[in-house]
Amino acid sequence: MRNYLIKNISIVNEGKIITADLLLKNGRIEKIAKGIQPAFAVTEINGEGKYLLPGAIDDQVHFREPGLTHKATIYTEAKAAVAGGVTSFMEMPNTLPPVFTQALLEDKYAIGSRSALANYSFYMGTSNDNTEEALKTNEKKKNVCGIKIFMGSSTGNLLVDNYLTLDKLFRESEVLIATHCEDEKIIRRNLDRLKAGNRPLTAADHPIIRDEEACFESSLTAIQFAKKHGSRLHVFHLSTEKEMQLFSNLLPLAEKRITAEVCVHHLHFTSDDYATLDNRIKCNPAIKAPHNREALWKALLDDRLDLIATDHAPHTMEEKGGGYEKAHAGLPLVQHSLSLMLHYVKEGRISLEKVVEKMSHAVATCFRIAERGYIREGYFADLVIVDLDQPAPLVAKENILYKCGWSPLEGFQFPATVTHTFVNGHLVYGNGVFDESQWGQRLLFDL
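These numbers come from a predicted model, not from an experiment.

Description of the environment of Ile 369
Structurally, Ile 369 is set in the loop between helix H12 (352-367) and strand S15 (383-387). It is 10.0 Å that separates the C-alpha atoms of Ile 369 and Ile 57, two residues lying 312 residues apart in sequence. For Ile 369, the contacting residues outside a window of four places in its chain are Ile 57, Met 90, Val 363, Ala 364, Leu 443, Leu 444, Phe 445 and Asp 446.

Have a look at this one:
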């Protein structure tokens with residue numbers, strides 16, 4: 001493995017920006033100081049005028065392997081991730097077959113070990129019928145990110161709507177419980193009402209069907225279970241103003257038992273965008289009216305929302321077509337999530353330090369990821385260099401790395417560029433060139 005010396009770079013870490021050198025040795029951060037003179041051979045990188053960030057950690061992605069590899073694989077999507085500055089990911093259990101057994105969970109880790117250019121972890125899946133198997137994850141709590149519960153969302157046999165099952169999972173899980181919260185009964189009621197109008201449904205109907213009430217009631221239920229049992233609960237992809245009253249900023253993140261995530265598409269798009277993007281931005285929970293986006297931004301900046309992720313969910317363009325009811329829900333984002341937040345840095349909506357906090361530090365703290373998420377001596381060298389003064393090329397099919405081959409951000413030009421991505425000290429991506437000679441590592445957790 002090569003060792004690196006990054007010279008004269010602006011290091012963004014733990015709420016501060018300092019200019020210094022950074023020495024990488026054997027995959028870790030060896031030293032942070034000015035004027036480092038290494039006693040061993042290094043490859044030197046001139047960081048003058050650029051910024052060094054801890055690699056982004058995405059706690060919610062769908063990489064579709066096994067079983068749905070016509071739209072994505074762990075290899076293709078992790079490659080897109082590192083090109084965008086995401087050095088670690090946590091992936092969902094709704095593959096084919098769904099991850100309902102510990103053996104199937106370990107099968108996914110085996111795929112990651114031989115094909116993921118980023119570091120990886122995988123959630124254990126839950127159903128109304130696999131409670132005992134899911135709870136065996138307690139025995140692996142140092143090397144599995146958590147269990148995933150689809151609460152009241154139409155996700156086939158991954159739907160957990162039996163309250164006795166939910167109560168047992170929240171009572172007995174020793175690992176983090178991550179939830180997708182939408183109330184199925186409310187969604188069905190809204191859908192039936194619109195269908196009674198005898199008109200074709202469109203993507204603009206999606207936030208009416210999967211409305212604010214459906215999200216709020218399900219999130220409230222999850223929080224009630226967590227408070228009843230003292231569970232460690234993390235609520236994915238919050239999307240409504242009303243839900244913000246359920247979350248607090250009164251405790252430091254490390255002391256919170258209930259935490260919340262917002263995704264980049266809910267910070268960027270609103271229901272006004274269905275007119276031009278149609279089913280391309282159909283996702284669950286739905287992108288909603290503009291006042292919700294403004295409330296999410298406010299809650300992100302005042303720390304009621306703890307971290308930023310993507311819910312990266314690629315589908316083929318054919319699967320996004322065929323009318324509203326047939327169109328699959330989800331959109332691909334992991335290659336562009338950090339770049340999108342850098343756009344908002346340039347716009348003055350959020351500071352660079354806050355982006356680092358919400359996409360790196362907070363994820364590591366929330367999940368208690370061992371030795372990652374910060375730029376500290378001794379930590380793994382998961383690092384990203386960005387040039388805030390170099391606009392990226394327009395997002396276009398020829399530079400999109402997702403296997404599905406499209407992005408809802410096509411035609412958008414980001415004002416900053418990810419120039420280098422290190423994973424475990426390995427320069428996996430540098431100025432548009434990949435070095436695939438080393439795979440990522442399984443994430444470990446300090447529990």
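Further notes follow.
So, the sheet that holds strand S7 (residues 86-91)
Ordered in space as S6-S7-S8, the three strands form an open sheet in which the pairing is parallel. Looking at strand neighbours, the two that pair on one side only are strand S6 (56-61) and strand S8 (119-122), the edges of this open sheet. Neighbour to neighbour, the strand axes of the sheet diverge by 20 degrees on average, direction disregarded. As paired strands, S7 and S8 are joined by four bridges and run parallel to one another. The residue bridging Met 90 from the neighbouring strand is Ser 121, located in S8.

Structural notes on the sheet that holds strand S13 (residues 258-263)
Within the open sheet, the six strands sit side by side as S9-S10-S11-S12-S13-S14. Their pairing is parallel. Of all the strands in the sheet, just strand S9 (124-125) and strand S14 (307-309) have a single pairing partner and so form its edges.

Some remarks on the pattern of salt bridges
Throughout the structure, instances matching the rule amount to 31 salt bridges. Between Glu 371 and Arg 28 there is a salt bridge, and its shortest N-O distance comes to 3.2 Å. Taken together, the residues Glu 371 in the loop between H12 and S15 and Arg 28 in strand S3 (residues 28-33) connect sequence positions 343 residues apart. Here Lys 71 and Glu 319 are joined by a salt bridge, their closest N and O atoms 3.3 Å apart. With Lys 71 in the loop between S6 and helix H1 (74-83) and Glu 319 in the loop between S14 and helix H11 (337-346), the pair connects residues that are 248 residues apart, well separated along the chain. Of the two residues, Lys 71 and Glu 319, neither departs from the other in class, the shared state being buried. Each of the salt bridges in this network shares a partner with another, and the network as a whole consists of Glu 132, Asp 167, Lys 168, Arg 171, Glu 172 and Lys 228.

Considering helix H5 (residues 184-195)
Along an α-helix, residues three or four apart share an orientation, since each turn contains 3.6 residues. Its 12 residues give H5 an end-to-end C-alpha distance of 16 Å, which sits within 8% of 16 Å, the value for a rise of 1.5 Å per residue. Restricting attention to buried positions, one finds in H5 the residues Glu 184, Ile 186, Ile 187, Asn 190, Leu 191 and Leu 194. Looking straight down H5, one finds that the buried residues subtend no more than 160 degrees of arc, so they occupy a single side. Of the surrounding elements, those touching the buried residues of H5 are helix H6 (206-209) and helix H7 (212-229). The distance from a side-chain oxygen at the start of H5 to the backbone nitrogen of Lys 185 is 3.1 Å, and the residue carrying that oxygen is Asp 183.

Quick notes on the rules
Residues numbered from 1 in each chain as written. Predicted model: local features only at pLDDT ≥ 70, side-chain atom pairs only at ≥ 80, totals over all residues. Heavy atoms only, no water. Helix = DSSP H or I, 4+ residues; strand = E, 2+ residues; numbered from the N terminus. Contact = heavy atoms within 4.5 Å. Pairing = 2+ DSSP bridges. Axes fitted to C-alpha atoms, helices over the stretch in contact; angles between N-to-C directions. Salt bridge = Lys/Arg side-chain N within 4 Å of Asp/Glu carboxyl O. Buried < 20%, exposed > 50% of the residue type's maximum accessible area, 1.4 Å probe, protein only. Expected span 1.5 Å × (residues − 1). Arc of directions from axis to C-beta. Polar contact = N/O pair within 3.5 Å; in protein donor to acceptor, adjacent residues only side chain to side chain.

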